[in-house]
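Residue-level structure breakdown
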Amino acid sequence: MTGSVFSQKICTRILFPRRRFLIRVAVFILLIVAAILLASVHSVQAADKGFSGVEIRFGGGTNKEGLSTPIQIMLLLTILSVIPAILVSVTSFTRLIIVSHFLRQALGTQTMPPNQVLIGLALFLTYFIMQPVGDQINQQAIQPMLSGKITEMQALDQASIPLRQFMLRYTREKDLALFLNIAKQPKPQNRRDLPMRIVIPSFMISELKTAFQIGFILYVPFMVIDMVVASILLSLGMLQLPPVMISTPFKILLFVMVDGWNLVIGSLVKSFY
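Conventions used here
Residues numbered from 1 in each chain as written. Predicted model: local features only at pLDDT ≥ 70, side-chain atom pairs only at ≥ 80, totals over all residues. Heavy atoms only, no water. Helix = DSSP H or I, 4+ residues; strand = E, 2+ residues; numbered from the N terminus. Buried < 20%, exposed > 50% of the residue type's maximum accessible area, 1.4 Å probe, protein only. Areas by Shrake-Rupley, 256 points an atom, 1.4 Å probe, with all protein chains shown as cover. Axes fitted to C-alpha atoms, helices over the stretch in contact; angles between N-to-C directions. Parallel < 35°, antiparallel > 145°, perpendicular 65-115°, else oblique. Left-handed = near helix turned anticlockwise from the far one by under 90°. Contact = heavy atoms within 4.5 Å. Salt bridge = Lys/Arg side-chain N within 4 Å of Asp/Glu carboxyl O. Arc of directions from axis to C-beta.

Check the secondary structure of the protein chain and you find nine helices and zero strands. Of the regular secondary structure in the protein chain, the N- to C-terminal order runs α-α-α-α-α-α-α-α-α. Burial statistics for the protein chain: of 273 residues in total, 27% are counted as buried. Carbon and sulfur atoms make up 70% of the accessible area of the protein chain, which totals about 18900 Å².

Shown next as structure tokens:
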């Protein structure tokens, strides 16, 4: 009986403060929501009374074309939230990072180079490869929008043209036909008329296949070294010695002697030119 009473007292002391804290947090959130609702009601009433405010437009002309500031902020926050997905989906980043991972696994160095180094290298190589496309987007979409010649939606359409051309250059016809068949859309006469929802997944699948092909080619010479070392150790009767301990230094030595980073990175970058 004494133990049960003691446990009940402990539960009371622990749970009641938590409940009070949760109740306070809920009340605080309700007050914030009520304040936002009241502010929105007052703003609507002020707009109904003919309130004249200052509206800043981004790329709008004298005819007040374009999006208002709140919509622009919302679009900017949306773009910032999907930038990682855009970076992976429509650029050369996918091929670069997958090949780098295959190379590290083939060398057998586990976590060396670390992920931060590989991602940083892939990011800067992506910037180097996508620079011509970025220049075209800046000239055809961003600068006309900033000067007020076109609206934001027109700028978005103009920016998708060079990006679509880049992706279609490295996309296989088989992958395009796959997603056209799934979407039940007829094949257009010109590949430039393909919608982005067809081009982007087709480009990603093509990049994955290309990256895996390059990774397989990188694996072959290092796999031969592993097999030779394992056969030598087996013939010498050294069954307790892991072959990886012996083969890894030889693989690193071979990679350094042939200037492997120069060859691999150079071949990857040249594959986009």
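For the rest of this paragraph, the subject is the packing of helix α6 (residues 173–183) against helix α7 (residues 196–235). For the pair α6 and α7, the least separation of the axes is 8 Å and the interaxial angle reads 140°. One way to sum up the angle between α6 and α7 is to call them oblique. Handedness of the crossing formed by α6 with α7: right-handed. Between α6 and α7, the residues in contact are D175, L176, L178, F179, L180 and A183 and R197, I198, V199, P201, S202, I205 and S206, respectively.

Now for the pattern of salt bridges. Pairs may arise between side chains of opposite charge once their charged atoms sit close together. Going through the model one piece at a time under the given rule, you end up with four salt bridges. Notably, a salt bridge pairs D175 with R172, separated by 2.9 Å at the nearest N-O pair. The residue K251 makes a salt bridge to D226 at a minimum N-O spacing of 3.3 Å. Of this pair, K251 sits in helix α8 (residues 243–257) while D226 sits in helix α7; the two residues are 25 residues apart in sequence, bridging distant segments of the chain. Judged by its relative accessible area of 28%, D226 falls in the partly exposed class.

Attention now moves to the environment of R197. As for its position among the elements, R197 is in helix α7. Of the residues examined, R197 reaches a relative accessible area of 54% and is grouped as exposed. Taking the C-alpha atoms as reference points, R197 and F179, separated by 18 residues in sequence, lie 8.9 Å from one another. When neighbours within four sequence positions are excluded, R197 is seen to be in contact with A183 and Q185.

This part covers helix α9 (residues 260–270). Considered for burial, the residues of α9 that qualify are G260, V264, I265, L268 and V269. Buried positions in α9, seen along its axis, are confined to an arc of 145° and lie on one side of it. Turned more than 90 degrees away from the buried face of α9 sit N262 and K270, all of them exposed. Contacts from the buried residues of α9 go to α3 (93–107), α4 (115–146), α7 and α8.

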